[in-house]
Amino acid sequence: MGSSLKLITINTWKGDGTYWARLKLLKHQLQALKPDVVACQEVFQAAGADTGRDLADHLGMYYHGSSTRCKPRLFEGLIMESCSGLGLLSQYPIVNTDTIKLPMNERDGERTALFCQLDCDGTTVLVINTHLTHLYNGSTLRKAQLQAILAQVDLYEKDIPIFLCGDFNADLHSDEIQYLLAHPTVSVHNLYQVGNGKQPCYTVVNQSGEPSAEGKSIDFIFSLSYNHSSHPHVTDARIVLDTPDEAGIYPSDHFGVMIQAELS
């Protein structure tokens with residue numbers, strides 16, 4: 001890897017849609033992208049299916065996941081007990097992990113953040129993967145969830161690259177994302193924007209590949225810096241996992257966001 005890290009975030013859409021065809025697409029397209037780290041949300045686990053481990057085994061990557069939001073779901077025409085959690089795939093050893101519970105609303109259910117420290121050829125990197133509440137009027141709750149994540153970051157070494165990524169269920173101009181970007185004690189960069197990613201950008205799609213929710217972009221990769229001068233230099237930023245197969249099936253109902261950054 002040297003001093004460069006290629007990071008992708010993708011909501012893998014539980015077991016919905018044509019799951020096995022989508023999983024095949026995810027494997028193929030991720031393999032072509034050759035990422036160093038993949039942060040996955042809505043990682044599906046049920047009898048005979050485990051999205052995170054299946055992807056990690058196919059790509060030959062280390063894996064750590066959390067089994068959350070467990071309940072009966074429709075999968076392949078059957079109601080099955082299942083979980084929809086967070087997962088992190090890494091080409092580099094995952095040396096420390098923690099999963100924290102975030103503030104929640106009973107109408108939504110459990111929300112968490114997954115903290116993974118990686119040993120990237122001698123450079124310690126902290127990657128935080130999360131999926132905030134989807135509630136329509138949930139701006140205040142999402143802000144509280146972000147506050148809980150930042151409070152947990154305080155327990156970690158600050159003089160290392162720190163990435164916060166996932167499905168935030170809020171667009172760039174929302175109050176909660178603007179709160180994060182203007183935080184008084186931590187400098188926060190939207191790495192897709194810093195890396196001059198193509199605009200307009202949308203990450204929520206329907207299965208025709210057209211923008212959903214008026215082109216909404218709710219998936220982000222942020223860099224957190226506590227000395228306001230040590231953000232990684234982004235050399236590439238783009239939307240990925242956005243190509244259908246010959247039947248018009250997409251890998252997910254979200255597109256992925258990818259950045260490549262120099263760590264030093």
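A brief look at the structure comes next. Model, not experiment: these values are computed from the prediction.

### Description of helix 2 (residues 51–59)
Listed as buried for helix 2 are T51, G52, L55, A56 and L59. Take helix 2 and look down its axis: the buried residues cluster within an arc of 125 degrees, on one side only. Two residues or fewer after helix 2 comes G60, characterised by a positive phi angle close to 70 degrees.

### Quick notes on the side chain of S187
Position of S187 relative to the elements: it lies in strand 11 (residues 187–190). For S187, a relative accessible area of 12% corresponds to the buried category. Polar side-chain contacts of S187 include one of 2.8 Å to the side chain of H231.

### Looking at the packing of aromatic side chains
If you walk through the whole model with that rule in mind, you get 11 aromatic pairs. Residues F168 and F222 carry aromatic rings whose centres are separated by 5.3 Å and whose planes lie at 80 degrees to one another, so their mutual orientation is edge-to-face. Residue F168 is found in the loop between strand 10 (162–167) and helix 4 (175–181), and its partner F222 is found in strand 12 (residues 219–225); the two are separated by 54 residues along the sequence. Through a chain of ring-to-ring contacts, the aromatic side chains of Y19, W20, F44 and F75 assemble into a single cluster. A cation sits over an aromatic face here: K158 above Y226, 5.1 Å from the ring centre.

### Points about the side chain of N11
Relative to the helices and strands, N11 resides in strand 1 (residues 4–11). What makes N11 buried here is its relative accessible area of 0%. In this structure the side chain of N11 is engaged in a polar contact, spanning 2.9 Å, whose partner is the side chain of D167.

### Points about the pattern of salt bridges
Following the criterion strictly, the structure yields eight salt bridges and no others. Between D236 and R238 there is a salt bridge; the shortest N-O distance is 2.9 Å. The class of R238 is partly exposed, set by a relative accessible area of 36%. Here the residues in one salt-bridge network are K14, D16 and E42, joined through shared partners.

### Notes on the sheet that holds strand 11
Strand order in the open sheet formed by six strands is 7-8-9-10-12-11, and the pairing between neighbours is mixed. With partners counted over all chains shown, the strands left at the sheet margins are strand 7 (94–101) and strand 11, one partner each. In this sheet, adjacent strand axes meet at a mean angle of 20 degrees when their direction is disregarded. Where strand 9 (residues 123–131) meets strand 10, six bridges bridge the pair, whose relative direction is parallel. Within strand 10, the position partnered with N129 by the bridge is C165.

Cut-off values and rules
Residues numbered from 1 in each chain as written. Predicted model: local features only at pLDDT ≥ 70, side-chain atom pairs only at ≥ 80, totals over all residues. Heavy atoms only, no water. Buried < 20%, exposed > 50% of the residue type's maximum accessible area, 1.4 Å probe, protein only. Helix = DSSP H or I, 4+ residues; strand = E, 2+ residues; numbered from the N terminus. Arc of directions from axis to C-beta. Polar contact = N/O pair within 3.5 Å; in protein donor to acceptor, adjacent residues only side chain to side chain. Phe/Tyr/Trp six-rings, centres within 6.5 Å; stacked < 30°, edge-to-face > 60°. Lys NZ or Arg CZ within 6 Å of the ring centre and 35° of its normal. Salt bridge = Lys/Arg side-chain N within 4 Å of Asp/Glu carboxyl O. Pairing = 2+ DSSP bridges. Axes fitted to C-alpha atoms, helices over the stretch in contact; angles between N-to-C directions.

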